[in-house]
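Breakdown of the fold
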Amino acid sequence: ISPSDSDTSDSEEYSLLGFGISGPNGAQPATYPGVSELHITMLADDTLPRLPWPMIVRSHHRSLPVTLRDVFQVCLKNFHEAIWAAEFEMFSETRRKQMLGAYWNRLEGPGWSKRAVETEPIRRLDYLCGRTHFRGFEPAPDGEGFMMFVGPSV
């Protein structure tokens, strides 16, 4: 779910996800039946009842349903956003520790230089605490929007 920090094209960025989202897989409708707008409001197995940053996914073309590519574009953009200090403080101490652990694990990965680490903010991606593998979504139990499922990277 994390976009590359380099200036890559969409197709290169999506190929990093290992799903071929820039090809025919990405053109598949995200739901059946297709919808023109999809609200992702919950994260499965999360301690919070609502996703802190709900997402609205709209079809890239008004005559087509929301596609998997549309979903990934919105998720990538959303989770790449930096978390402000005031936002970070809203989470429980336990969650903040988990997020910091995910942050440091992310920065220990390939491609990070010491200089980049000094300027890299905590991102919404770190809220996922290492569960960055998109596993799908289903209608939210409360009937409002969809619940997204994520898991550890494989």
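Just above sits the structure.
The sections below set out a description of the structure shown in this document. (Residues numbered from 1 in each chain as written. Predicted model: local features only at pLDDT ≥ 70, side-chain atom pairs only at ≥ 80, totals over all residues. Heavy atoms only, no water.)

Ranked by internal contacts, the top residues of the largest apolar core, which has 30 residues, are Ile40, Val71, Tyr127 and Met148. For this core, the secondary-structure elements that each account for two or more residues are β1 (37–43), β2 (55–58), α2 (68–80), α4 (93–107), α6 (124–127), β3 (133–139) and β4 (146–151). In this structure, tyrosine 127 is in contact with Leu43, Asp46, Leu48, Leu51, Pro52, Trp53, Phe91, Arg95 and Met99, ignoring residues within four places of it in sequence. (Core = buried A, V, L, I, M, F, W, Y, C linked by side-chain atoms within 4.5 Å. Buried < 20%, exposed > 50% of the residue type's maximum accessible area, 1.4 Å probe, protein only. Helix = DSSP H or I, 4+ residues; strand = E, 2+ residues; numbered from the N terminus. Contact = heavy atoms within 4.5 Å.)

A few words on unusual backbone geometry. The bulk of non-glycine residues show a negative phi, and the bulk of peptide bonds are trans. Omega for the bond connecting tyrosine 32 with proline 33 falls within 30 degrees of zero, at -5 degrees, which places this linkage in the cis form. Looking at where proline 33 falls in the secondary structure, it is placed in the loop between α1 (10–15) and β1. In this structure, aspartate 45 takes a positive phi of about 60 degrees despite not being glycine. With respect to the secondary-structure elements, aspartate 45 resides in the loop between β1 and β2. In this structure aspartate 45 comes out as exposed when scored by relative accessible area, which is 76%. Of note, cysteine 129 is a non-glycine position whose phi angle comes to about 50 degrees, a positive value. Inspection of the secondary structure puts cysteine 129 in the loop between α6 and β3.

For β3 and β4, the ladder comprises six bridges, and the chain directions are antiparallel. In the sheet register, phenylalanine 134 faces β4, and the bridge partner there is valine 150. Between the antiparallel neighbours β3 and β4 lie six residues, among them glycine 143 with a positive phi of about 80 degrees. (Pairing = 2+ DSSP bridges.)

This next bit is on the environment of leucine 128. As for its position among the elements, leucine 128 is in the loop between α6 and β3. Considering only alpha carbons, one finds leucine 128 and aspartate 46, 82 residues apart in sequence, at a separation of 9.1 Å.

Glancing now at the pattern of salt bridges. Taken as a whole, this structure holds nine salt bridges when the rule is applied. Ionic pairing is found between glutamate 89 and arginine 96, a salt bridge with its closest N-O pair at 4.0 Å. In this structure, arginine 106 and aspartate 126 form a salt bridge, with 2.8 Å as the shortest nitrogen-oxygen distance. A residue pair is termed long-range when its members are at least 10 positions apart, and arginine 106 in helix α4 and aspartate 126 in helix α6 qualify at 20 residues. Judged by its relative accessible area of 15%, arginine 106 is buried. In the salt-bridge network here, residues are joined through shared partners; they are Arg106, Glu120, Arg123 and Asp126. (Salt bridge = Lys/Arg side-chain N within 4 Å of Asp/Glu carboxyl O.)

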